[in-house]
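Structure at a glance
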Amino acid sequence: MNKIILSLTLLCIVSLYSQTIPLPEHPRPDFKRSEWINLNGDWNFRFHPQDRGNSEQWYRYPEDFGQEITVPFPWGAPLSGITDQADIGWYHRDIVVPQKWKSKQVHLIIGASDWHTTVWLDGHKIGEHRGGYTPIELDLTPYVYFGTPQKLVIRADDTEHEFKLFGKQGYGNARGIWQTVYLEARPQEHIDYIHFTPDIDTETVTVKGEFARPLQGSAGLILTFMNSGVPEVRRAVKGNTKEFEFVVKIEDPRLWTLENPFLYNVEVELLTKQATDRVSTYFGMRKISVEMLPGTDFPYVALNNEPVYLQMALDQAYHPEGYYTYPSDEFIRNDILRTRRLGLNGQRIHVKIDPPRKLYWADRLGVLIMADVPNSWGEPTEPMQQDFLTALRGMLKTRFQSSVHILLGAVQ
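The following refers to the structure shown. Note that the structure is predicted; figures quoted are calculated from it, not measured.

Turning to the overall build of the protein, a few remarks are in order. The secondary structure content of the protein amounts to five helices and 26 strands. For the protein, whose C-alpha radius of gyration is 22 Å, the value lies close to the compact-globule estimate of 22 Å for 412 residues. For the C-alpha atoms alone, the extent of the protein along its principal axes is close to 70 × 55 × 50 Å. Looking at the protein as a whole, 53% of its 412 residues qualify as buried. Intrachain contacts of the protein at a sequence separation of at least 6 include 70% that bridge at least 24 residues.

Let us now look at the sheet that holds strand β18 (residues 264–271). Overall, antiparallel pairing links the four strands, which are arranged β16-β15-β18-β19 in an open sheet. Of all strands in the sheet, those bounded by a partner on one side alone are β16 (233–237) and β19 (276–283). Averaged over all pairs of adjacent strands, the angle between their axes in this sheet comes to 20 degrees, without regard to strand direction. Relative to β19, β18 runs antiparallel, the two being bridged by eight bridges. Residue pairing for β19: E267 is matched across the bridge by S280.

Another aspect to go through is the environment of R235. As for its position among the elements, R235 is in strand β16. By relative accessible area, R235 is classed as partly exposed at 33%. Those residues within four positions of R235 in sequence are excluded, and the remaining contacts are A219, G220, L221, F246 and V247. At 3.5 Å, the side chain of R235 and the backbone oxygen of V247 are in polar contact.

Attention now goes to the environment of A77. With respect to the element layout, A77 can be found in the loop between β3 (67–71) and β4 (88–95). A77 gets classed as buried once you look at its relative accessible area, which sits at 1%. Sequence separation between A77 and G322 is 245 residues, and the spatial gap between their C-alpha atoms is 5.2 Å. Look past the residues within four positions of A77 in its chain and what remains in contact with it is I82, E321, G322 and Y323.

On to helix α4 (residues 382–398). Its 17 residues place the ends of α4 24 Å apart at the C-alpha level, agreeing with the 24 Å of an ideal helix rising 1.5 Å per residue. Buried residues of α4: M384, D387, A391, G394, M395 and T398, and no others. Viewed along the axis of α4, the buried residues span an arc of 105 degrees, placing them on a single side of the element. Residues of α4 that are exposed and point more than 90 degrees away from the buried face comprise E382 and R393.

Note on sheets: strands pair through backbone hydrogen bonds, and any given pair is parallel or antiparallel. If you walk across this open sheet you meet the three strands as β20-β21-β22, and the pairing is antiparallel. Every other strand in the sheet has two partners, leaving β20 (288–292) and β22 (306–307) as the edge strands with one partner each. Strand direction decides the pairing type here: β20 and strand β21 (residues 299–303), joined by five bridges, are antiparallel. Counted as the bridge partner of I288 is L303 from β21.

As for its position among the elements, H26 is in the loop between α1 (2–20) and β1 (36–38). A residue is classified by how much of its surface remains accessible, and H26, at 4% relative accessible area, is buried. Among the polar contacts made by the side chain of H26, one reaches the main-chain amide nitrogen of R28 at a distance of 3.0 Å. For H26, the residues in contact, after removing those within four places along its chain, are F31, K32, R33, W36, Y182, E184 and R357.

Procedures and definitions
Residues numbered from 1 in each chain as written. Predicted model: local features only at pLDDT ≥ 70, side-chain atom pairs only at ≥ 80, totals over all residues. Heavy atoms only, no water. Helix = DSSP H or I, 4+ residues; strand = E, 2+ residues; numbered from the N terminus. Rg over C-alpha atoms; globule rule 2.2 N^0.38 Å. Buried < 20%, exposed > 50% of the residue type's maximum accessible area, 1.4 Å probe, protein only. Contact = heavy atoms within 4.5 Å. Pairing = 2+ DSSP bridges. Axes fitted to C-alpha atoms, helices over the stretch in contact; angles between N-to-C directions. Polar contact = N/O pair within 3.5 Å; in protein donor to acceptor, adjacent residues only side chain to side chain. Expected span 1.5 Å × (residues − 1). Arc of directions from axis to C-beta.

Without other data, these values stay purely geometric and don't point to any function.
Following this line, the structure appears as structure tokens:
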């Protein structure tokens, strides 16, 4: 009886948490660590049209931020609770990093913030980032006091520039933070990214990635395939190594198809003398290519070497209440399901880099995605090219498990 009561209590707590924290799910199903804290929800907020916040050191004295905003909805979107009043906004909330993370590095991740984002912790500048569509990752560790409330301040400057990638914002500006903000604990030596490139013709998958820095000593990589008969894979890694690449045989692979979108779930472990870094990810055994339509000289898109007729809709990837940000994970899933129910097999996400969970549900539910890099309305100057490259590189790094299945559309 006590166990039943305890289970019901935990269920209530989880239910309450899900209701009070917008988008409580881990934002990266393709790259997930177990120790993380979602920072979505109510933040203190303040506009400053005159841009005196830096000179007046608002990052030291955020107590005067008199408004509240709901993160991660961009200011001006109805779900943010804030009307659009200026190009620059300041965010503040207290964070407490758990004592049990004391032996780890503590990283702050902002899924996306438009456009020039700067972060302080207890008045110490942690770093800054220019670009509105891909993640910002900053190491807070040198300034963390574990188990103690600390002031996290974020400044987002969305001042207009002709070279900035603008994309779909004609329907409503994606100003400031518009994707999930979270803390993550990592060992000092950890995986920066890992990509899987399938080859159905040879029944193999190429595993490629990098560590955050060259390893101090020898280590080991272990790949455990959680939902298939693929044997565990172990690879030794030499000291002073930063990159890794190897090929894994996938006997009798289960192909990802529109009718049966099977995904291989994988747990990746980096074992060093100091600690273990563990990441959950996935990939699909799938091939997209161009083949000649049988009996003709017409080139045709093929899925797994078979011609497929693309029945796609232009996806504006915009929500009237959240603008660039979807109101819930359930909404994202239903959006993908609606595509299937309409008899379509794909979407073209128009001039926007959508959150990883959108691509995850497409992978899970059998929908092809064509994705554009957002456009700029100015001349192709060097700053515009740099903003484009920042977005493209971030897109390929953080959406790769889906991007091996993505047809990259032309920039418009």
